[in-house]
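# Structural description and commentary
What follows is each chain in one-letter form.
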Amino acid sequence: MSSQQQPALQEKQPPQYFKGIVKLVLSGDSVIIRGQPKGGPPPERQLNLSGINAPRSGRRAGGIAEETKDEPFAWEAREFLRKKLVGKEVVFTIEYKVPSSGREYGFLYLGKDAASGENVIESLVSEGLVTVRQEGIRGSTELAHLAELESAAKAAGKGKWASTGLQEHVRDIKWVAENPRQLVDKFKGKPVQAVVEHVRDGSTIRAFLLPDFYHITLMVSGIRCPGFKLDSEGKPDPAATEPLAEEAKFFTETRLLQRDVQIVLESVNNNNFVGSVIHPNGNIAELLLRDGFARCVDWSIALVTGGAEKLRAAEKAAKEKKLRIWKDYVSSAPQLSAKEKQFNGKVVEIVNADAIMVKLHDGSTRKIFLASIRPPRLEEKGEEKGEKKKGFRPLYDIPWLYEAREFLRKKLIDKRVDITVDYVQPASANYPEKTCCTVLIGGANVAEALVSKGYATVIRYRQDDDQRSSRYDELLAAEMKASKTSKGVHDKKEAPTHRVADLSGDLAKSKQFLPFLQRAGRSEAVVEFVASGSRLRLYIPRETCLITFLLAGISCPRGTRPNLNGAPGVQDGEPFGDAALVFTKEHCLQREVEIEVESMDKGGNFIGWLWLDNQNYSVKLVEEGLASVHFTAERSVHYRAMQVAEENAKARKLKIWANYVEKEVKAVPEEEFAAERKTNYQAVVITEVTPELRFYVQKVDQGQALEQLMNQLRQELNTNPPLAGAYVPKKGDICAAKFSDGEWYRARVEKVAGNQVHLLYIDYGNREITTAVKCVSIPAVYAGPAAFAHEYSLACTALPKDPEDIQEVVTAFGEDTNGRQLLLNVEYKGANGDCVTLLTNETDASQRKDIARELISDGLLCAEPRREKRLLKLVNDYIAAQDAAKKRHLNIWRYGDITEDDANEFGLGKRKI
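Small disclaimer: the values here were computed from a predicted structure and weren't measured.

Below, the discussion takes up unusual backbone geometry. As a rule of thumb, non-glycine residues mostly have phi less than zero, and peptide bonds are mostly trans rather than cis. Look at the link from Leu 210 to Pro 211: it is a cis peptide, with omega at 5 degrees. Along the polypeptide, Pro 211 turns up in the loop between strand S10 (204-209) and strand S11 (214-220). With a phi close to 70 degrees, Leu 244 is a non-glycine residue in the positive phi region. Even without being a glycine, Lys 322 presents a positive backbone phi close to 55 degrees. For Lys 322, the position within the fold is in the loop between helix H8 (309-321) and helix H9 (338-341).

What follows is about the sheet that holds strand S39 (residues 744-753). Pairing is antiparallel in the open sheet, where 5 strands are placed in the order S41-S40-S39-S38-S42. Strands with a single pairing partner mark the edges of an open sheet, and in this sheet they are strand S41 (767-771) and strand S42 (775-776). Relative to S39, strand S38 (residues 734-738) runs antiparallel, the two sharing 5 bridges. Across the sheet, Ile 734 pairs through a bridge with Arg 748, a residue of S39. Strand contacts of helix H18 (residues 703-719): S38, S39 and S42, with the helix running at about 75 degrees to S39, the strand carrying the most contacts.

Membership of the largest hydrophobic core comes to 86 residues, with the highest contact counts inside it found for Leu 209, Ile 263, Leu 265, Val 277, Leu 412 and Leu 450. Both domain 2 (180-326) and domain 3 (338-377 + 396-490) contribute no fewer than three residues apiece to this core. Residues in contact with Leu 450, not counting those within four places in the same chain, are Ala 353, Leu 370, Ile 373, Ala 404, Phe 407, Leu 408, Tyr 455 and Ala 456. By size, the runner-up hydrophobic cluster in this structure holds 41 residues, among which are Ala 501, Val 530, Leu 610 and Val 629.

Mapped onto the present numbering, the UniProt feature "domain: Tudor" (unreviewed entry) falls on residues 728-785. Regarding residues 728-785, the helix share stands at 7% and the strand share at 47%, and the terminal C-alpha atoms are separated by 22 Å.

Turning our eyes to something else, we now look at the packing of aromatic side chains. Within the structure shown, the criterion is met by 21 aromatic pairs. Centre to centre, the rings of Phe 208 and Phe 213 are 6.0 Å apart; their planes meet at 75 degrees, and the pair counts as edge-to-face. The pair formed by Phe 208 and Phe 213 is uniform in burial state, with each residue classed as buried. For the ring pair Phe 695 and Phe 813, a centre distance of 5.2 Å and an interplane angle of 35 degrees mean the geometry is tilted. Remark: Phe 813 occurs in helix H20 (residues 803-817) and Phe 695 occurs in strand S37 (residues 694-699); sequence separation between them is 118 residues. Take Phe 695: its relative accessible area is 0%, and that puts it in the buried class. Three or more aromatic residues link up through ring pairs in this structure, and these residues are Trp 75, Trp 175, Phe 208 and Phe 213. Its end group placed over the ring of Phe 251, Arg 255 keeps NZ or CZ at 3.6 Å from the ring centre. Between the NZ or CZ atom of Lys 650 and the centre of the ring of Trp 657, over which it lies, the distance is 5.1 Å.

Before going further, it helps to examine the domain arrangement of the chain. Where interface size is given, it is often the accessible area lost as the parts come together that is meant. Partitioning the chain into structural domains gives domain 1 (17-59 + 68-169), domain 2 (180-326), domain 3 (338-377 + 396-490), domain 4 (501-561 + 574-657), domain 5 (699-788) and domain 6 (795-893). The C-alpha centroid of domain 4 is placed 64 Å from the C-alpha centroid of domain 2.

Okay, the pattern of salt bridges next. When the charged atoms of two side chains lie near each other, side chains of opposite charge can form a pair. One pass over the structure, following the stated rule, counts 45 salt bridges. The salt bridge involving Asp 260 is made with Arg 82; its shortest N-O contact spans 3.0 Å. Of this pair, Asp 260 sits in strand S13 (residues 260-269) while Arg 82 sits in helix H1 (residues 74-85), and the two are 178 residues apart along the sequence. Residue Asp 260 is classed as partly exposed on the basis of its relative accessible area of 41%. Note that Arg 468 is salt-bridged to Asp 298, the shortest N-O span being 2.7 Å. Of this pair, Arg 468 sits in the loop between strand S24 (457-458) and helix H13 (472-484) while Asp 298 sits in helix H7 (residues 298-301); the two residues are 170 residues apart in sequence, bridging distant segments of the chain. Across the pair, exposure class does not vary: Arg 468 and Asp 298 are buried alike. Each of the salt bridges in this network shares a partner with another, and the network as a whole consists of Asp 298, Arg 312, Glu 315, Lys 319, Asp 466, Arg 468 and Asp 473.

Quick look at the confidence of the model for the chain now. Across the chain, the average pLDDT comes to 87, with 93% of residues at or above 70. In the model, residues 670-674 has pLDDT below 50 throughout and makes 5 contacts with residues more than four positions away in sequence or in other chains. Counting interchain partners and residues more than four positions distant, the pLDDT-below-50 stretch residues 900-913 has 43 contacts.

Attention now moves to H18. If you check H18, its first and last C-alpha atoms are 24 Å apart, about what 17 residues at 1.5 Å a residue would give, namely 24 Å. Taken together, the buried residues of H18 touch S37, S38, S39, S42 and helix H19 (780-783).

Our next topic: the environment of Glu 868. Locating Glu 868 in the fold gives a position in the loop between strand S47 (862-863) and helix H22 (872-887). Look at Glu 868 and you get partly exposed, because its relative accessible area is 24%. Along the chain, Glu 868 and Arg 677 lie 191 residues apart, while their C-alpha atoms are 9.6 Å from each other. A polar contact is formed between the side chain of Glu 868 and the side chain of Arg 866, at a distance of 2.4 Å.

Buried residues dominate strand S45 (residues 821-830), accounting for 7 of its 10 residues. As judged from the 4 bridges shared by strand S36 (residues 682-689) and S45, these two strands associate in the antiparallel manner. By the bridge assignment for S45, Val 685 is matched with Gln 821. With 8 bridges connecting them, S45 and strand S46 (residues 833-840) associate as antiparallel partners. Considered in S46, the bridge of Tyr 828 is made with Cys 835. Linkage of S45 to S46, two consecutive antiparallel strands, is achieved through a turn of 2 residues.

We now examine the sheet that holds strand S43 (residues 790-794). In space, the 5 strands of this closed barrel follow the order S36-S37-S43-S46-S45, with mixed pairing throughout. Mean inter-strand twist for the sheet, computed between neighbouring axes without regard to direction, equals 55 degrees. The sheet strands contacting H20 are S36, S37, S43, S45 and S46, and the helix crosses S36 at an angle near 135 degrees.

About the cut-offs
- Residues numbered from 1 in each chain as written.
- Predicted model: local features only at pLDDT ≥ 70, side-chain atom pairs only at ≥ 80, totals over all residues.
- Heavy atoms only, no water.
- Helix = DSSP H or I, 4+ residues; strand = E, 2+ residues; numbered from the N terminus.
- Pairing = 2+ DSSP bridges.
- Contact = heavy atoms within 4.5 Å.
- Axes fitted to C-alpha atoms, helices over the stretch in contact; angles between N-to-C directions.
- Core = buried A, V, L, I, M, F, W, Y, C linked by side-chain atoms within 4.5 Å.
- Buried < 20%, exposed > 50% of the residue type's maximum accessible area, 1.4 Å probe, protein only.
- Domains from an automatic or database assignment.
- UniProt positions renumbered as here; feature names shortened; annotations may be inferred.
- Phe/Tyr/Trp six-rings, centres within 6.5 Å; stacked < 30°, edge-to-face > 60°.
- Lys NZ or Arg CZ within 6 Å of the ring centre and 35° of its normal.
- Salt bridge = Lys/Arg side-chain N within 4 Å of Asp/Glu carboxyl O.
- pLDDT = per-residue confidence, 0-100.
- Expected span 1.5 Å × (residues − 1).
- Polar contact = N/O pair within 3.5 Å; in protein donor to acceptor, adjacent residues only side chain to side chain.

Next up, the structure:
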């Protein structure tokens, strides 16, 4: 500071002492002292220390002024006072006031009174940090004493009186960061020591980063305090100051101004840094929020080091107490009971990338929206605005919408989720009321996962709008990460396209696709829509087409539907038509299924078979009493299974069969049947038995050929070892696989799931799940021969319904056949392959036993009626054995008759006890 000529000393008056708290140290000889706050920020007073001059601090360039450097020890002198005085109580006197500038000079004492307090001027002089003014020394005892202290400091070489190294005490200040982003990256989110130099408003400060002296403007991340609007000269305009701006600024000043803090640089905004200020007593952002001086801001809260939870909690507490800026706050959150606010259910449909249908415990369904996110939208440009191309299909034509829907479908369909209602968006214009929620599956936030993949964006709200997700900050953080890595909708270069052929109602296109779909055999598909119990709309990924698919082999009742040509009202459905629709919708909608196309109707709709979880869905509908067998099923391999399913449904009087009365069938004498049962027994050994009592056999006369093939295959693989991992298994491939005994066997790939390969060993009938590295390709000469293991099931028999009884009969069958040579005769072709009888292979034909009859006699297996004349004798023999087991209450008959009706043609039903 410039030297001022002291006025001539008047007659000495007793000094008047003032008290205050040091707010700011301007330099080594100048401080700002404030009073105690009373209803607002207190008055302030600048005091220049009498009789001394401190080294000048460097100044940044501004206007026409050029940048200046520190004088040696300017920073040390300022820091000496800062660390000693800021925030402390002091006592001071005013020695004189310069009339032209209004500057006040005086003495300053650290403490509560001048007598016991530390004389700050003397301390500065003793440390060699300031220069004592020479004028007036002879006339003032105080100045004379200061001169003595200065001489002692010079003699000791203290501070600025050191003989060497003065330039080491000049700061290299970086007033402007050339590349702010680079500076943020340099510190990598680590705390940096800093001194706060200025508080612009409650949430904006200027500070020096130490030890490199970067001078930065920092906006505190996650919050905003009321601010000051600037006038035309760039100074705060008192008339335009926001309410509580002064109070918020004072709050921050009293805690941070010229304090040692740590700053974490988190981002950059318009050349201003954004970050967190960490004080030993806590985070200033949290304190401002808790006292109602600030509000959370969404654009930077995702950047906050340590997460935004504490900030949101502090703001919430201030809102509840209606502190300061929240004095007129009224919550807009929905008033819901705990039961209404939190519930769980099973996801049954993905409506859109932000909406799902959930089935609740009471059986009702509810549509809910994922809170605070927006699904991918079509970017409309210029002339295209408001216009959609012909045949526009949002799911496939809006980039990333299909990927978003598929992500939710695979993650949620048929899964239980936990739901928290965040807000209810009222109905407006053509949009109904929306219940917006946070949905969790296994503790993971579904909306956050969607946003992190770039499949949705986060909605921005007004700062006073509480209608938002309870995990809004997590959504913002996820969106920021997705944006940085250019995922999904944030990737402006590569947007996915889906060229999907819609064959529904287009007869010409359907005819073109029919041969491809027929030749494809079983194809994977996704059910996009269910029109009725047996009519579905499918998307076939391999052919990238949409088709209308009718279930073959059944007649399903028609449900209620709108009148044709847009006429008002609806057409009443047939009994149980709506029930069939609901059943199919619940089990199939948006599930992955397998289909086999057989034909096409005149409307371009494809007809075929559909499997859900490897179960024929036509058979399932018939089993549930929601469909009947159509005559066209008679030429299908699935006919027998459908017949049995229908007979069971009739016996149980399910749904459409509730009023069904079985026609009496007169017994026909055996003599009237002229057809004869043909027998051609082959010697076999059983190699594998499945849990469904199906079994694989090897024919004895093929044993030598099998052994020779195995030896040649193993010799080939041992002589020319395959390269591990070179073969990539595909479904349907015939390959060689190393079994647990260390030997190679032929196998067929049934399924590939990641690195797991599901195999059927075709020469033995056993199955195994192994890894891809244990599978190798084999030459055609070894893959060509037919499988030596043949699959069969027992003729004229049916399994009991109870799982434990099924396990018991499978165990007994294994014990009866294990290690024995048997005689096999094919009786007829069933729904799942050939059905046979098995006899023991005694030399004396009269001693041979029928394996199935023995199991029926022991009460382990049921006889199944057949209408073929040639099988009548065999069936009657089995039924007689079953009746004997019933009378003796053996095994499955121990509680009585497990069938629902004594008439054999009704099939098996529930137990009667």
